[in-house]
Amino acid sequence: MEESDSSDSDLLWYLEKLSRKECHSLRNQLGQECMEIGLPPIPRLELSEENPDLANQLTRFYEAQHLWNLMYNIFHKIPRKDLCEKINARRNRNKEAHKMLIKKKLQGERCLHNRIHDIFCQDMILELVDKFDFVFRHVSPEAAKALNVFLIGQEASGKTMVLRGALFEWANGNIWEDVFSYVIHLSSHDINQMTSGSLVALISKDWPEGRAPVADILSEPQKILFILEDLDDMELTFRISPQALCTDGRQQVSTPVLVASLLTRKLAPGCRFLITSRPQGQAVTWTLMKKTDMLMTLSFSREKRHKYFTLFFRDGQRAEAAFQLVQRNELFLHLCQAPILCWVTCVALQRQMNQGADLKRSCQTLTDIYTHFLADTLTAQAADQRPVVPLQSLCSLALEGLLHNTLHFTEEDLRSVGFTQADVSTLQTLEILWPSSHLKGRYRFIHSKVQEFCAAVAFMLPLAEHGIPSAWGRCKGKRELYDDFSPVIASLFGLLNKERRKTFEAALGCRLLTDYVSQYLLTEMRCFGDNLKAIGHHTPMFHGLFENQEEEYVKRIMDSFSEANIYVRDHRDLMVSSYCLGYCQRLQKLKLSIQNIFEKRFNEQPTPRLTYFSVDTRFEDMFKAIVHNRNLTCLCLSCMPISSKVFSLLHEVLTNPMCSIQHLSLMKCDLEASAYQELASLLLSSKNMKKLTLSKNALIYVAFLNLPFTIRGMESSRSQPYGFGRLLFCCLTLRSLSLISRSLVLTETLKHLDVSVNNIRDNGVLVLMMSLVFPTCSVQELEISGCFFTAKACEYMVCALQNNPNLKSLELGSNNVGDAGMELLCGAMKHPNCKLENIGLEECMLTSACCASLASVLISSKTLKKINLLRNKLGNEGIVQLLEGLGHPDCVLQTVGLQPPSPLAITTLLSMTMGYDAYISFG
């Protein structure tokens, strides 16, 4: 065979270069060499010299990369070092060819412009690229086997630019020299477009005609770096059975199996991964992350932000004035968490400075920033203050995109809303639209926040209906599935402010139609005021009202609130909530929840921590709003770290004569031992407190010691009943139950106790029931659901029910009461001293065997009004027996909960309860 350019990829060409003796030696060494590199041997019969087709046999048995490694090792031993050199030359040539492909691809993508934003980003890119180089060079031997490096950053924080910078530096030989031979870049778009594939197809996607040198690429998998960009945008599940994973790079499998096989190194063992994601994808990140992996966060620190402002304004005085304005405004500070949004903010502030405006007055809300930014970019080249491109088309594009889950637009989309090719070029020059980073021939807004503001403007412009062609029939990533319109609503509220609307109209030469929008939002927000099921929590609405800033309009909406549920993620939410609560004159109940932040270093397991929250003047403002609301009677501080500073504020609030709070809830606050001393003092000093909820806190013995005595001390200063409330899921022990039991005996004002979902068992029930037999015990409602007790505990309840006429309600759900325990309870409920009005027996393992006794209780009891028997296997026979009791003229029961009966039982029900006015619920 003549040697040619392609001959060094043909195994047959190499075998024909061997002498008969060398060929015989090769066949003899195949078995041993296969064992050494972990390959299954070929049957000796097929390797015999009578079978001349050795090349086809080898190709059929082994993947290309294994085959060439096998041949290389044997050629080295024969020895035929000239053939080894031939293979090395081919491999080096393919490595260089791959780098040339990377360079060509990078040159065809958007280049950085010569402006401050890009100068700053270049510095940031080089800084992170150096970190990448260091990490992959100095990784430990254990981690090197399967290292994942995660780069986490918000939208537009620069993740894509960093990746391209790293690719550029590697292709030019500046980083990772001798560390990586191939870098394979996989974007979320690449993955989402696939339904199935193979590793061979995946690594061949960027090569001409898909003909990649697969054998050479995979011959050293430990020198391959896979870049997985935008993990949070991928439509993948990582719950793959180990048996489903693939080990053959030629095998066609589903995309989730293919990616999971790569990440678990079943394919390309020893390869490394560089993975980018937004914080929203942290659940998947923690799933994939190992102790040996590395986590890097792309954050825009205060120092970097200050440097950006200095570079942008050049004038030190202007830069400092703009920077301080942003630092003092929580909304602006959060906006400037990404370089591109920092640029948007600087453009807006510079426009106001150039016009001689007072920044503190002209830039107070996000609506101001977006208005001045659009005015500066769209009218900078116009003499008549009219946009250089149609504002209606821009806003229509933004709105249609959000309504139809489209953030990347085709040229046809742009034409459909009225843009010309010249308009598109202008929008790119003005930095309103950018070419999509992954989708060729598509465009996107520079940031989703700019698109959201333009979409809000669209609601106030007289626009014709436009359809964008790419809204249908295209596979879209998770990020484009847009379902949170709260930023758009907030901008709508901002544009309803008369001053801001006039500013917008004057700056952009248009007129906004606001009357209908104003009335619509007023009506809708009033409906949401007391309908938490529809809105979940009120924080998004409060952001909109803060943007509005018109006192009369905000007051008209907030006057409809009797209850507020505030979900605090950061200090922005505190700021806007404090503003809105100042207008809640009818507020009676406030629930304040602080979000947990999951912080993890690369060598730690994820742990829930509140790492960012501090009590400062912004939090004090929230409490001041509480103090001045005489209607507020319930305060819930769920999932919030209760520090000594918070207790100090609570003291100030709850002892204020203007405060009317009667119920304080500290659910799931991780209270420490010292907190209970503070709590005891707080209860003694408060004049109106009637109920305290401590659910989901571990109440250890020492910490809990002061509370029962505090409650006793409160009796002398308080005539109204004090509801001790809820100790649900508090890890109660027998010692803490003993303290509670003592307080039940000694405290006449304690009316309600809930110790559900605590592992108190039969002995714990005994401790509680011992206190209930005393005449001084005033408890009327006792909840012990989910406490792991058995029928034995019912023996202790009998004595309490027969001796304590104060007990009106007993909740026993989700315990193993059983028929034996139910028989005991039925006997007690027939006793003349038992005045029970409600008993909860949901999921208590009852059967039809106890239904005759239960029916007898329904007939004989003169006080029992409500019974819950849901999730018990009573059977049709048992239900019919209960219905007979319900139909008896002496039955006073009003509400009963039962499992869905059969048609026969329903017929019996209808016949037996004709004219009966009880409410019967079928679960």
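Residues numbered from 1 in each chain as written. Predicted model: local features only at pLDDT ≥ 70, side-chain atom pairs only at ≥ 80, totals over all residues. Heavy atoms only, no water.

**Examining the overall build of the protein**
The test is simple: A run of H or I in DSSP becomes a helix once it reaches four residues, and a run of E becomes a strand once it reaches two; helices and strands are each numbered from the N terminus. To sort residues, take the accessible area from a 1.4 Å probe on protein chains only and compare it with the maximum for the residue type: under 20% means buried, over 50% means exposed, and anything in between is partly exposed. Whether two residues are in contact is decided by their heavy atoms: any pair within 4.5 Å suffices. Note that accessible areas follow from Shrake-Rupley with a 1.4 Å probe, and for residues the cover is restricted to the protein chains shown.
Helices and strands together make up the secondary structure of the protein, namely 43 helices and 25 strands. Counting every position in the protein, which comprises 923 residues, the buried fraction comes to 53%. Considering only contacts within the protein whose residues lie at least 6 apart along the sequence, 78% involve residues at least 24 apart. Of the accessible surface of the protein, which amounts to about 41000 Å², a share of 51% is contributed by carbon and sulfur atoms.

**Some remarks on the packing of aromatic side chains**
Worth spelling out the cut-off: For Phe, Tyr and Trp, rings pair up if their centres lie within 6.5 Å, where Trp contributes its six-membered ring, and each pair is then called stacked (planes under 30 degrees apart), edge-to-face (over 60) or tilted (otherwise).
Taken as a whole, this structure holds 22 aromatic pairs when the rule is applied. A centroid spacing of 5.6 Å and a plane angle of 90° characterise the contact between Phe-136 and Trp-176, whose relative ring orientation is edge-to-face. Taken together, the residues span a long stretch of sequence, with Phe-136 in helix α7 (residues 116–137) and Trp-176 in the loop between α9 (159–171) and β2 (182–187) at a distance of 40 residues. Judged by relative accessible area, which is 1%, Trp-176 ranks as buried. Centre to centre, the rings of Tyr-579 and Tyr-583 are 5.5 Å apart; their planes meet at 65°, and the pair counts as edge-to-face. This pair shows no difference in class: Tyr-579 is buried, exactly as Tyr-583 is. Ring pairing ties together the aromatic residues Trp-13, Tyr-14, Trp-68 and Phe-75, which thus form one cluster.

**A short note on the packing of helix α20 (residues 366–379) against helix α24 (residues 448–458)**
Cut-off, in case you're wondering: Simply put, an axis is a line fit to the C-alpha atoms, just over the touching stretch for a helix, and the angle between two N-to-C directions goes from 0 to 180 degrees. Should an angle lie under 35 degrees it is considered roughly parallel, over 145 roughly antiparallel, and from 65 to 115 roughly perpendicular; all remaining angles are considered oblique. Classification used: nonpolar for Ala, Val, Leu, Ile, Met, Phe, Trp, Tyr, Cys and Pro, charged for Asp, Glu, Lys and Arg, polar for all others including Gly.
In contact at an axis separation of 11 Å, α20 and α24 are set at 90° when each is read in the N-to-C sense. Comparing their axes, α24 and α20 come out roughly perpendicular. Note on element contacts: α24 touches α20 through Lys-449, Val-450, Phe-453 and Cys-454, opposite Thr-367, Tyr-370, Thr-371, Phe-373 and Leu-374. Looking at the contact of α20 with α24, its residues break down into six nonpolar, two polar and one charged.

**Quick look at the confidence of the model for the protein**
Stated precisely, the cut-off is as follows: Note on scores: pLDDT gives the predictor's confidence for each residue, bounded by 0 and 100.
Looking at the protein, the pLDDT average stands at 84 and 86% of residues meet or exceed 70. Of the regions scoring below 50 in pLDDT, residues 1–6 engages in eight contacts with residues more than four places distant in sequence or in other chains. In this model, residues 596–614 is a region of pLDDT below 50 whose contacts with residues beyond four sequence positions or in other chains number 48 contacts.

**Remarks on the sheet that holds strand β8 (residues 409–410)**
Spelled out, the test is: Only when DSSP finds a minimum of two bridges between them are two strands counted as paired.
Judged by pairing direction, the sheet is antiparallel, and its three strands sit side by side in the order β8-β10-β9 without closing on themselves. What marks the edges here is a single partner per strand, and that holds for β8 and β9 (433–435). Strand direction decides the pairing type here: β9 and strand β10 (residues 442–445), joined by three bridges, are antiparallel. What sits directly across from Pro-435, in β10, is Tyr-443.

**Quick notes on the environment of Cys-851**
Along the chain, the position of Cys-851 falls in helix α41 (residues 851–860). The spacing of Cys-851 and Glu-823 is 28 residues in sequence and 9.3 Å in space, taken between C-alpha atoms.

**Examining the environment of Tyr-182**
Secondary-structure assignment places Tyr-182 in strand β2. Separated by 86 residues in the primary sequence, Tyr-182 and Glu-96 have C-alpha atoms spaced 9.5 Å apart. Among residues more than four places away in sequence, those in contact with Tyr-182 are Arg-91, Asn-94, Lys-95, His-98, Trp-170, Trp-207, Asp-216, Ile-217, Lys-223, Ile-224 and Leu-225.

**A few points about the nonpolar core**
Which entries qualify depends on this criterion: Definition of nonpolar core: a set of buried residues of the types Ala, Val, Leu, Ile, Met, Phe, Trp, Tyr and Cys, connected through side-chain atoms within 4.5 Å.
Counting residues in each nonpolar core, the largest one holds 188 residues, and the members touching the most others are Leu-349, Phe-373, Phe-445, Ile-784, Met-797 and Leu-841. The element that contributes the greatest number of residues to this core is helix α18 (residues 339–354), accounting for ten residues. If sequence neighbours within four positions are ignored, Leu-349 has contacts with Phe-309, Phe-313, Ala-322, Leu-325, Val-326, Leu-359, Cys-363 and Ile-369. Formed by 36 residues, the second largest nonpolar core is a distinct cluster that contains Leu-186, Leu-199, Ile-217 and Ile-275.

**Topic: the pairing of β10**
Direction of pairing for β8 relative to β10: antiparallel, over a ladder of two bridges. From the neighbouring strand, Phe-409 faces β10, where its bridge partner is Tyr-443. Taken together, β9 and the strand that follows it, β10, pair antiparallel across an intervening segment of six residues, in which Gly-441 is found at a positive phi of about 80°.

**Here we look at the pairing of strand β4 (residues 224–229)**
A large share of β4 lies buried, amounting to six of its six residues. Side chains Ile-224, Phe-226 and Leu-228 of β4 all project onto a buried face; the interleaved residues Leu-225, Ile-227 and Glu-229 project onto the opposite face, where all are buried too. Bridge count for β2 against β4 is six bridges, and the pairing is parallel. Looking at β4, one finds that Ile-184 is bridged to Phe-226. Sheet analysis places β4 next to strand β6 (residues 272–277), joined by four bridges and oriented parallel. In the strand pairing of β6, Leu-228 is matched with Ile-275.

**Description of the state of the cysteines**
The following threshold applies: Our working definition of a disulfide is a cysteine sulfur pair at a distance within 2.5 Å.
On inspection of all chains with the given rule, the structure shows zero disulfides. The thiol of Cys-395 is unpaired, and the distance to the nearest cysteine sulfur, on Cys-454, comes to 4.8 Å.

**Section: the pattern of salt bridges**
Here is the rule: Salt-bridge detection follows one rule: a side-chain nitrogen of Lys or Arg within 4 Å of a carboxyl oxygen of Asp or Glu.
A full pass over the atoms with the stated rule returns 20 salt bridges. In this structure, the salt-bridge partner of Arg-137 is Asp-133, at a minimum N-O distance of 3.0 Å. Of this pair, Arg-137 and Asp-133 both sit in helix α7, four residues apart, which is roughly one turn of that helix. Between Arg-871 and Glu-843 there is a salt bridge, with the nearest N and O atoms lying 3.3 Å from each other. Taken together, the positions of Arg-871 in the loop between β23 (866–868) and α42 (875–886) and Glu-843 in the loop between β22 (838–840) and α41 put the pair 28 residues apart, joining distant regions of the chain. With relative accessibility at 51%, the residue Arg-871 sits in the exposed group. On the basis of relative accessible area, Glu-843 is assigned to the partly exposed category, the value being 30%. Overlapping salt bridges bring together Lys-105, Asp-190, Lys-205 and Asp-206 as one network.

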